[in-house]
Amino acid sequence: MDRLISCEFNMDTACVELKFFDGSKIAIDTFAVENEVADNMYQRSELDYLIYNDPIGYADLVLNGNPELYLKTVTECKPLE
């Protein structure tokens, strides 16, 4: 995330868009990420929270982290008994 100029969620494209100092751009398709790593509504909710409230944290998690491990750590899914 070195030399990042801006990071924001674009509601029109449903992408988190990053712009860097050297002119390069990255667009992360949030639907594709959710479909790939989220197994339940709690994990999708956590990703949605990050998208709207911490897009830089979301981008860092997707590009440099392990989203599956993060979601398993921060969410707890308890089926109804």
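Residues numbered from 1 in each chain as written. Predicted model: local features only at pLDDT ≥ 70, side-chain atom pairs only at ≥ 80, totals over all residues. Heavy atoms only, no water.

### Observations concerning the pairing of strand β2 (residues 15-20)
Of the pairings in the sheet, the one linking strand β1 (residues 4-10) to β2 comprises 6 bridges and is antiparallel in character. Looking at β2, one finds that L4 is bridged to F20. What sits between the antiparallel neighbours β1 and β2 is a turn of 4 residues, in which A14 has the positive phi angle 60 degrees. As defined by bridge partners, β2 adjoins strand β3 (residues 25-29) across 5 bridges and the pair is classed as antiparallel. (Pairing = 2+ DSSP bridges. Helix = DSSP H or I, 4+ residues; strand = E, 2+ residues; numbered from the N terminus.)

### Side note on the state of the cysteines
Evaluation of the coordinates by the stated rule reveals 0 disulfides. The thiol of C7 is unpaired, and the distance to the nearest cysteine sulfur, on C15, comes to 12 Å. Looking at C15, the relative accessible area reads 12%, which means it is buried. (Disulfide = S-S within 2.5 Å. Buried < 20%, exposed > 50% of the residue type's maximum accessible area, 1.4 Å probe, protein only.)

### What to know about the packing of helix α2 (residues 41-53) against helix α4 (residues 67-74)
Where α2 contacts α4, the two axes come as close as 10 Å, and the packing angle between them is 110 degrees. Relative to α4, α2 is oriented roughly perpendicular. Listed contacts from α4 to Q43, E46, L47 and L50 of α2 are Y70, L71, K72 and V74. (Axes fitted to C-alpha atoms, helices over the stretch in contact; angles between N-to-C directions. Parallel < 35°, antiparallel > 145°, perpendicular 65-115°, else oblique. Contact = heavy atoms within 4.5 Å.)

### Description of the side chain of Q43
For Q43, the location among the structural elements is in helix α2. Note on Q43: relative accessible area 5%, which makes it buried.

### Examining the sheet that holds β2
One key point about sheets: their strands pair by backbone hydrogen bonds, in either a parallel or an antiparallel sense. The 3 strands are arranged β1-β2-β3 in an open sheet whose pairing can be described as antiparallel. Two strands bound the open sheet, and with one partner strand each, they are β1 and β3. Looking at each pair of strands side by side, their axes are set apart by 15 degrees on average, direction ignored. Where helix α1 (residues 30-37) meets the sheet, it contacts β1, β2 and β3, and its direction lies at approximately 50 degrees from that of β3.

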